[in-house]
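Given next are the chains, with one letter for each unit.
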There are 2 protein chains.
Amino acid sequence: MAVETVASATTTSPDFGPAVALSCRECGERVPLGPVFACAVCFGPLEVAYEFSSGAAEDAEGLRKRIEAGPHNIWRYAPLLPVPADVASKPNLNPGFTKLVKADRLARELGITGGLHVKDDSGNPTHSFKDRVVAIAVEAARNFGLTTLSCSSTGNLAGAVGAAAVRAGFRSCVFIPHDLEDGKVVMAAVYGQDVVGIEGNYDDVNRFCSELIGDPIGEGWGFTNVNLRPYYGEGSKTLAYEICEQLGWRLPDNIIIPIASGSQLTKIDKGLQELIKLGLVEEKPYKIYGAQAEGCSPVSTAFKAGHDVVRPQKPNTIAKSLAIGNPADGPYVLDIARRTGGAVEDVNDDQVVDAIKLLARTEGIFAETAGGVTIGVLKKLVETGQLDPAAETVAINTGDGLKTLDAVAPTTRPSAIIRPTLDSFREAGLA
Amino acid sequence: MAVETVASATTTSPDFGPAVALSCRECGERVPLGPVFACAVCFGPLEVAYEFSSGAAEDAEGLRKRIEAGPHNIWRYAPLLPVPADVASKPNLNPGFTKLVKADRLARELGITGGLHVKDDSGNPTHSFKDRVVAIAVEAARNFGLTTLSCSSTGNLAGAVGAAAVRAGFRSCVFIPHDLEDGKVVMAAVYGQDVVGIEGNYDDVNRFCSELIGDPIGEGWGFTNVNLRPYYGEGSKTLAYEICEQLGWRLPDNIIIPIASGSQLTKIDKGLQELIKLGLVEEKPYKIYGAQAEGCSPVSTAFKAGHDVVRPQKPNTIAKSLAIGNPADGPYVLDIARRTGGAVEDVNDDQVVDAIKLLARTEGIFAETAGGVTIGVLKKLVETGQLDPAAETVAINTGDGLKTLDAVAPTTRPSAIIRPTLDSFREAGLA
């Protein structure tokens, strides 16, 4: 065996499993795997490219069995992710393999007859889908020998990064707008790592982070949603893998996905395409639908107007985790919705609150506002004839209602306040 | 085959799987399985009795394989619970099989060398262990043909019952003190079922519920923690099963368990004893430790004083989910701690907050105050020499920090507030 010389600062060679390069989504330019996110040729976004066939020849059945024998978290899909084969042995929050809930009561209420499932990602370690993307970014940071994990965030991501960094053994320093709600500050800061409030709005925080990456201070820093973004994004593919595996290795007819940057939707489509190519599911048509809040609906607006470009908006919605006015992957979302015969739709804040309550009272799932957007849009799609109720549909709940209690608090009250007597209870008319 | 006459209001015969009777913990009197909780002879608590050997002869290896092939939730243990064999096909929140986290960083910090795991029950559907006990109560209610699920609660249980009732197709009507925090009211009421505020404290709520059970209004009502309590309590056994299975079908040396009523601790011990009897784990000594908050420490006080009886206390602690001043299972907890060579210890509210933060910054797990009590007591047990650091220990986190944000909010702040410039960041000293 040859002696290997390791040139990087890390003590082991980077190992990205089946990933072989970064590839520009716009011009196709390929660059080596590294902590970079924009194409040097055309400034397009870089994404991870794979050679799944490399290594031992393995048929679909063998791969399926290998996955099924894996751990009950996203690492069962390590053969399809930019991570080493032994990733499950490294300290990580190990998110994923959340419940796919058969939502018969919700289906009845919405008039869906073809079957409805809710993929409930509130079951992740910090109770949002962010744990999936952060987990992959953490392993990329480990591969690159980075020492500090960071991000710009309005709350959920900061908490997910803080928790993941602690478990994985990194320092973390995350940046948030200085005037965030107390609860979100606590969720980010409780992990005892650095949380820095920036005097400014989320755009100012983002700009500051871009500056920091270019400065010597930022050496050794991995920003999950900036210089580690190509890896981070791949985490969303696992939603596609899990949905298909949990359905018995087959594609649903429709998937409804909330849109913030649009990355989750594009990566779910990428994941479905991979499953088809690898023969893990049988190819058949599927439709992808995007869900936005009316108060931040740049993609939905473009979709309805038949535009290819997405005009930025100034967000104003209670669905803050989706409030990205200039979504990076907006044009790709439009492509996918149109190619698959889906749609992009939006609902207003009242409809978001109603949908949170609808999901809670039919399925016992308490979703955050983003989940309300998704279920609200699902309802609207059925009502407006944009979604076939006889088709099998999966809707994604990306986070937990405990994170956005304020959205429903004003209209969620006790049925009655009574004295501790049976007479008083009888008078309340609830007996 | 004989034709069966069904005498009850239900359309199918009750099927409690391996459970054959209720048995009085005090006098051993046996009564048929029913929605009753107190012995008619001595008023002792009734608990579920099993005949595991009935039916087909099956060796331990066969049973273990059957469990391992089961669903990834508590229903994999259906052969050991008072539920029908096909329970997994019924609509239920399907809690359990939460993560057993190898807590190496916490172990190092505490000086534990024999291995430390945290059983993280915040991963359950409504983010507390209550989902386990409620799930079994729901199936009992189904078996008895009850139509309304109820409970007295200070918050967590009300939410767990509300969500479970919705999923399982029951009406629910839960009772809480009228002056609960808004967040807890929302968590209980968001499921759209009846939540009734009672003008009085938790004791008044409890008294009212006991009255309601005896009244015709209460016909068809299942109170999870009153008339369904024998079944409800069995849900906690699944914590014992999961810990041992996740360790590779073996007993740990020590388990640290928070004490509210004490039921969870006694049922975990019952579960461990069952695993030994059934040959699913090899018999060896284990120690069970109970954890209380100093502001509500009736069991700890009795343990230290060498008493057999538990003198009630008026609770005053931030660990509200453990604040039961007159714990029903207190004497049994004392028995178990003494029999196994464990202990019962308590920590004050500051230590609870410190322990929440300790767990968060070492393992990325954000626990509710009850989890802080458990980890705080673990730390104290090691420091005072009551727990052998060279032994293998499991500590249980019973709930999620999002539910008790207020406990840590005042002392969990950003590291710095800066202007969005690199100079300002440098000045903050975090670069």
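In this text the structure is predicted, and so the values were computed from the model without any measurement. The numbers attached to residues start from 1 for each chain and follow its sequence in the written order. Chain letters and ligand numbers both follow the written order, the letters beginning at A and the numbers at 1. Side-chain atom pairs in this predicted model are given and counted only at pLDDT of 80 or more, local residue features only at pLDDT of at least 70, and totals for whole chains, interfaces and linings cover all residues. Where side-chain values are given, they derive from all heavy atoms of the structure, hydrogens and water being excluded.

K.L.:
Could you give an account of the overall build of chain A, with specific residues and numbers?
P.N.:
Looking only at helices and strands, one finds 15 helices and 14 strands in chain A. Taking 22 Å as the expected radius of gyration for a compact globule of 431 residues, we find that chain A reaches 22 Å, a close match to that expectation. Its C-alpha atoms put chain A at 85 × 50 × 45 Å along the principal axes. Intrachain contacts of chain A at a sequence separation of at least 6 include 70% that bridge at least 24 residues. As displayed, chain A has an accessible area near 16000 Å², and 50% of this comes from carbon and sulfur atoms. In DSSP terms, a helix is any run of H or I states spanning at least four residues, a strand is any run of E spanning at least two, and both are numbered starting from the N terminus. For a compact globule the rule gives 2.2 Å times the number of residues to the power 0.38, and the radius of gyration it is set against comes from C-alpha atoms. Working rule for contacts: check all heavy atoms of both residues, and any pair within 4.5 Å makes them a contact. Under the convention used here, a 1.4 Å probe and the Shrake-Rupley method define accessible areas, while residue burial counts only the protein chains that appear.

K.L.:
Explain the confidence of the model for chain A to me, and be specific about the residues and the numbers.
P.N.:
In low-pLDDT segments, the atomic positions of the prediction should not be examined closely. Each residue gets a pLDDT score, which is the predictor's confidence in that residue and runs from 0 to 100. The predicted model of chain A averages 94 in pLDDT, with 96% of residues at 70 or higher. Confidence drops under a pLDDT of 50 for residues 1–10 of chain A, and excluding neighbours within four residues, the segment shows 8 contacts in the predicted structure.

K.L.:
Residue-level account of the packing of aromatic side chains, with values.
P.N.:
All names here are of chain B. Each Phe, Tyr or Trp ring (for Trp, its six-membered ring) is paired with any other whose centre lies within 6.5 Å, and the angle between the two planes then decides the class: stacked below 30 degrees, edge-to-face above 60, tilted in between. In this structure the tally under the stated criterion is 22 aromatic pairs over all chains. Residues Tyr77 and Tyr241 carry aromatic rings whose centres are separated by 5.1 Å and whose planes lie at 45° to one another, so their mutual orientation is tilted. Residue Tyr77 is located in the loop between helix H1 (60–68) and strand S4 (100–102), and its partner Tyr241 is located in helix H8 (residues 237–246); the two are separated by 164 residues in the primary sequence. Of the two residues, Tyr77 and Tyr241, neither departs from the other in class, the shared state being buried. When the ring of Phe175 is compared with that of Phe208, the centres are 5.1 Å apart and the planes differ by 65°; the resulting orientation is edge-to-face. One end of the pair, Phe175, is in strand S7 (residues 171–177); the other, Phe208, is in helix H6 (residues 202–214), with 33 residues separating them in the sequence. One exposure class covers both Phe175 and Phe208, and it is buried. Accessibility here uses a 1.4 Å probe with only protein chains present; expressed as a share of the type maximum, an area under 20% marks a residue as buried, one over 50% as exposed, and anything in between as partly exposed.

K.L.:
Pulling in residues and values, what's your account of helix H8 (residues 237–246) of chain A?
P.N.:
The element H8 of chain A is extensively covered by neighbouring structure, given that 9 of its 10 residues are classed as buried. Looking only at H8 of chain A, the buried set comprises Lys237, Thr238, Leu239, Ala240, Tyr241, Glu242, Ile243, Cys244 and Glu245 of chain A.

K.L.:
For the environment of Leu228 of chain A, give the residues involved together with the corresponding values.
P.N.:
Residues and elements named next belong to chain A. Examined against the element boundaries, Leu228 turns out to sit in the loop between strand S9 (221–223) and helix H7 (229–234). When the C-alpha atoms of Leu228 and Tyr50 are compared, they prove to be 17 Å apart, with 178 residues separating the residues in sequence. When sequence neighbours within four positions are dropped, the list of residues in contact with Leu228 reads Pro35, Ala137, Ala140, Ala141, Phe144, Leu146, Leu149, Gly222 and Phe223.

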